[in-house]
Amino acid sequence: MKRGICLLLFISLIIACIPVNCSASQSEPQEKRIALTFDDGPHPRQTRQILDVLDKYGIKATFFVIGVNVRNYPGIIAEVQARGHELANHTTTHSHAKKLDSIALKNEIEACDQAIFEQTGKHSKLFRPPEGAMTESMRTVVKQLGYTSVFWTLDTRDWAHTPPDRISDYIIQNAKNGDIILMHDYIGANSPTVAALEGFLPILLEKGYTFVTAGELLSNSHQ
Ligand SMILES: [Zn+2]
């Protein structure tokens, strides 16, 4: 009789466990990772405000810096690094890269890297051409220098002074796993960038997105 009860208990335990295991595998969380990128800084006007918003939400991002700004604002680039963000190369003078021959482009990239290295002790590995313009010969130079080119999948158009709520709605409606979002930490007066971040970051975090650097996103997608 006792053996019968034990058997019954054993069978009911197995039955009870099966749906639990099934539902566990069905509810595996889908990966939802996004990289935020900021171009054209560092600059006293917006970079620190952006760093404060990123800290508020515990987010690390990638800053594609201009060599001239790195030299002009060493304290700010030091802060970007100290607060745990990734620094990447966006040329020295932001010349439209299509106007540069191979030697000039090489100089632009190397001088920017030198400025980053002098301020932070680290070399840049990622490169984004100004305005995302890239020719075949440029591609060759970038590759020869050992850089990975990074573009974007979502353009916030903050550079065109798009109102913050429009940027925020656009990102909330279109964000998906693997996106690279283009923003700027130097635009000029009346930048919508900080207000837009305050609009969409809490919503995307609530939807389960995590924010990683562009380097982390790309290294993971290559595996
Ligand atoms: Zn730029």
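Residues numbered from 1 in each chain as written. Predicted model: local features only at pLDDT ≥ 70, side-chain atom pairs only at ≥ 80, totals over all residues.

## Describing the overall build of the protein chain
Helix and strand counts for the protein chain come out as nine helices and eight strands. The proportion of buried residues among the 223 residues of the protein chain is 37%. Considering only contacts in the protein chain between residues 6 or more positions apart, those separated by 24 or more positions represent 79%. (Helix = DSSP H or I, 4+ residues; strand = E, 2+ residues; numbered from the N terminus. Buried ≥ 20, exposed ≤ 12 C-beta atoms within 10 Å, placed from the backbone. Contact = placed C-beta atoms within 7 Å.)

## Remarks on the nonpolar core
Ranked by internal contacts, the top residues of the largest apolar core, which has 47 residues, are Leu36, Ala61, Phe63, Val65 and Ala88. What valine 65 contacts, discounting residues up to four positions off in sequence, is Gly41, Pro42, Val70, Ile77, Leu87, His90 and Ile116. (Core = buried A, V, L, I, M, F, W, Y, C linked by C-beta atoms within 7 Å.)

## Overview of helix α8 (residues 193–206)
The end-to-end C-alpha distance of α8 is 20 Å, a good match for the 20 Å that 14 residues give at a rise of 1.5 Å each. Of all the bends in α8, the greatest reaches close to 25° and is centred on phenylalanine 200; the proline proline 202 follows between one and four positions later. Buried residues of α8: Thr193, Ala196, Leu197, Phe200, Leu201 and Leu204, and no others. In this structure, the buried residues of α8 make contact with β1 (33–39), α2 (47–56), α7 (164–174) and β7 (180–184). Downstream of α8 by one or two residues, glycine 208 has phi in the positive range, about 95°. (Expected span 1.5 Å × (residues − 1). Bend = angle between axes of the 7 residues up to and from the residue.)

## As for the pairing of strand β3 (residues 86–89)
Of the two faces of β3, the one holding Glu86 and Ala88 and the one holding Leu87 and Asn89 are both buried throughout. Examined bridge by bridge, strand β2 (residues 62–65) and β3 share four bridges and lie parallel to one another. In the strand pairing of β3, phenylalanine 64 is matched with alanine 88. (Pairing = 2+ DSSP bridges.)

## What to know about the environment of asparagine 72
Relative to the assigned elements, asparagine 72 resides in helix α3 (residues 67–72). Exposure remark for asparagine 72: the 14 C-beta atoms within 10 Å place this residue in the partly exposed category. Remark: the alpha-carbon pair of asparagine 72 and histidine 43, spanning 29 residues in sequence, is separated by 8.6 Å.

## Notes on the packing of α7 against α8
Interhelical geometry of α7 versus α8 gives an angle of 25° and a closest axis separation of 7 Å. The angle between α7 and α8 places the two elements in the roughly parallel class. The handedness of the crossing between α7 and α8 is right-handed. For the pair formed by α7 and α8, the contact residues are Pro164, Asp165, Ile167, Ser168, Ile171 and Ile172 on the first element and Ala195, Ala196, Gly199, Phe200, Ile203 and Leu204 on the second. (Axes fitted to C-alpha atoms, helices over the stretch in contact; angles between N-to-C directions. Parallel < 35°, antiparallel > 145°, perpendicular 65-115°, else oblique. Left-handed = near helix turned anticlockwise from the far one by under 90°.)

## Some details on the packing of α2 against α8
Contact pair α2 / α8: the axes reach a minimum separation of 10 Å and the direction vectors enclose 10°. It follows that α2 is roughly parallel to α8 by the angle criterion. Across from Gln49, Ile50 and Val53 in α2, the residues of α8 making contact are Thr193, Val194, Leu197 and Glu198. In terms of residue class, the contact of α2 with α8 is built from four nonpolar, two polar and one charged. (Nonpolar A, V, L, I, M, F, W, Y, C, P; charged D, E, K, R; others polar.)

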